[in-house]
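Commentary on secondary and tertiary structure
In case you want the letters, here they are:
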Amino acid sequence: MQEIIRVQDLCVRFFVRKRRSSLFAPREKAAVDALRGVSFSIAPGEIVGYLGPNGAGKSTTVKCLSGILTPTSGTADVLGRVPWRERVRHVREIGVVFGQRTQLWWDLPVQDSFDLLRDLYDLDARAYAQTRDRLVARMDIGDLLRTPVRQLSLGQRMRCDLVASLLHRPRILFLDEPTIGLDAVSKLSLRAFIRDLNREQGVTVLLTTHDMDDVEALCRRVLLIGRGRLLLDGSLDDLRRLAGGKRVCRAQVRKAEFPLPPGAALRSRRGEEVEIEFDPERLAADQLVLHLAKTAGLRDVQIQPPSLDETMAALYRQMGEVGA
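Predicted model only: the values in this text are computed from it and were never measured. Every chain begins its residue count from 1, and numbering advances along the sequence as written. Whole-chain, interface and lining totals are the exception, using all residues; otherwise, since this is a predicted model, local features are given only for residues with pLDDT of at least 70 and side-chain atom pairs are given and counted only at 80 or more. Side-chain numbers here rest on the full set of heavy atoms in the structure, without hydrogens or water.

1. Some details on the overall build of the protein
Runs of H or I in DSSP of at least four residues are treated as helices and runs of E of at least two as strands, each being numbered from the N terminus. The helix and strand inventory of the protein stands at ten helices and 13 strands. Across its three principal axes, the protein shows a C-alpha extent of roughly 75 × 60 × 50 Å. By the convention used here, residues are in contact when the closest approach between their heavy atoms is within 4.5 Å. Relative to all contacts within the protein whose residues are 6 or more apart in sequence, the contacts with residues 24 or more apart total 68%. Using the Shrake-Rupley algorithm and a 1.4 Å probe, accessible areas are obtained, with residue cover drawn only from the displayed protein chains. Accessible surface for the protein amounts to roughly 16800 Å². Of this, 47% is attributable to carbon and sulfur atoms. The positive count covers Lys and Arg only, the negative count covers Asp and Glu only, and His and the chain ends enter neither. For charged residues, the charge sits on one atom: NZ in Lys, CZ in Arg, CG in Asp, CD in Glu. Of the side-chain charges in the protein, 50 are positive and 42 negative, and the distance between the mean point of each set is 4 Å.

2. Quick notes on empty space enclosed by the protein
The method works on a 1 Å grid over the protein atoms by themselves. A cavity is a set of points holding a 1.4 Å probe that cannot get out, a pocket is an open set with protein on both sides within 12 Å along at least five of seven lines, and residues with an atom within 4 Å of a point line them. Grid points are joined across faces, edges and corners, and a volume is the space filled by probe spheres set on the points. Tallying each qualifying case throughout the model produces one cavity of 30 Å³ or more. Here the largest cavity defines a volume of roughly 40 Å³. Taken together, Arg134, Leu135, Leu166, Arg169, Pro170, Leu197, Gln201 and Val203 make up the full set of residues lining the largest cavity. Every element with two or more residues in the lining of the largest cavity is listed here: helix 4 (125-139) and helix 6 (184-201). A class-by-class count of the residues in the lining of the largest cavity yields five nonpolar, one polar and two charged. Classification used: nonpolar for Ala, Val, Leu, Ile, Met, Phe, Trp, Tyr, Cys and Pro, charged for Asp, Glu, Lys and Arg, polar for all others including Gly.

3. Some words on the domain arrangement of the protein
As far as domains go, the protein holds domain 1 (5-241) and domain 2 (246-305). The gap between the C-alpha centroids of domain 1 and domain 2 is 43 Å. Those domain boundaries reflect an automatic or database domain assignment.

4. Details of the packing of aromatic side chains
Pairing of aromatic rings covers Phe, Tyr and Trp, the last through its six-membered ring, and needs centres within 6.5 Å; plane angles under 30 degrees mean stacked, over 60 mean edge-to-face, and all others mean tilted. Evaluated as defined, the whole model comprises one aromatic pair. Ring centres of Phe40 and Tyr50 lie 5.9 Å apart, and the angle between their planes is 50°; on these two criteria the pair is classed as tilted. Here Tyr50 lies in strand 3 (residues 47-51) and Phe40 lies in strand 2 (residues 29-42), a separation of ten residues in the sequence. Accessibility here uses a 1.4 Å probe with only protein chains present; expressed as a share of the type maximum, an area under 20% marks a residue as buried, one over 50% as exposed, and anything in between as partly exposed. A relative accessible area of 5% places Phe40 in the buried class. Assessed through its relative accessible area of 0%, Tyr50 is described here as buried.

5. Thoughts on the environment of Thr61
By the secondary structure assignment, Thr61 is in helix 1 (residues 58-65). Residue class for Thr61 comes out buried when judged on its relative accessible area of 1%. Setting aside anything within four residues of it in sequence, one finds Thr61 in contact with Leu35, Phe40, Tyr50 and Ile225. Two N or O atoms form a polar contact when they lie within 3.5 Å of each other; inside protein one atom must be a possible hydrogen donor and the other a possible acceptor, and for residues adjacent in sequence the pair counts only when both atoms belong to side chains. Separated by 2.8 Å, the side chain of Thr61 and the backbone oxygen of Gly57 make a polar contact.

6. Here we look at helix 3 (residues 110-121)
Expected helix span is given by 1.5 Å per residue-to-residue step, counting one fewer step than there are residues. For helix 3, spanning twelve residues, the distance from its first C-alpha to its last is 17 Å, which sits close to the expected 16 Å at 1.5 Å a residue. Listing the buried residues of helix 3 in full gives Val110, Gln111, Ser113, Phe114, Asp115, Leu117 and Tyr121. Asp122 occupies a position one or two residues after helix 3 and carries a positive phi of about 55°.

7. A short note on the side chain of Arg159
For Arg159, the position within the fold is in helix 5 (residues 154-166). For this document, the term salt bridge refers to a Lys or Arg side-chain nitrogen within 4 Å of an Asp or Glu carboxyl oxygen. The charged side chain of Arg159 is buried without a salt bridge, its nearest counter-charge being Asp140 at 5.0 Å. A polar atom in the side chain of Arg159 sits 3.1 Å from the backbone oxygen of Asp140. Sequence-distant contacts of Arg159, that is, excluding residues within four places in its chain, are made with Met139, Asp140, Ile141 and Leu144.

What follows is the structure in structure tokens.
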């Protein structure tokens, strides 16, 4: 299948002013490499999670792919064009939502912002009205249309921003931390909408997030970036293997004390319930279960991978070593 996004050796270098060593010392500049040779491709209809710690280069990548930022070197092909060279044509086929910024006009009612976007994109009035009404109903923001944007809660604004980004029916949606600061209900609503949009209209989605529930709910594929370099392009299982691949055994046992075989370690105990972490490369799950049955008086057992939050925490601890 032909890629809808292709990134090759993308590099972005910023120069920042260093603090003076003394009042009369000259002000020096330091180079900061936000992206260092990032390459990947995305096929039409994919939802891809773009993960990494703060400052890893996620937002910088999105800005390049949306045409906001011109890279220092390398190239990107999005929908058959270079984003930063053909910005006007490019923005007609993409939607962008930055969780910490809004594309709506702060002092205007939401409806007026939508109408201004209609004029900016030069949309057909009837097609625009149909798309707007469908999105407004789906995101349940009808009661907010006459409310000035500055009076909206964060969750309300994010729903309105998502509608605004889709009024021109883009083929690609870039979402940069779209659920940051949202309550649980708003997050669930937003995830369901993104999933339905992808399934029903085939919209390709690149999602940057620190919320691992977003990733598990939406993404089959993830890109992991650290210190401006791409560290992983694979599945959630690949992500867990990169973090060490350890799994968790939750069991109910009768005995208060029992030995553990090499490759296993007790993480916690509460009454009869124990949580044991083990390395499947050194100790197979069935061997651990058999050992517990023989030595601990096993009553019940459940084997599962560590949560994605635990996986990312482990990866972030390694990032200084992995990302170097």
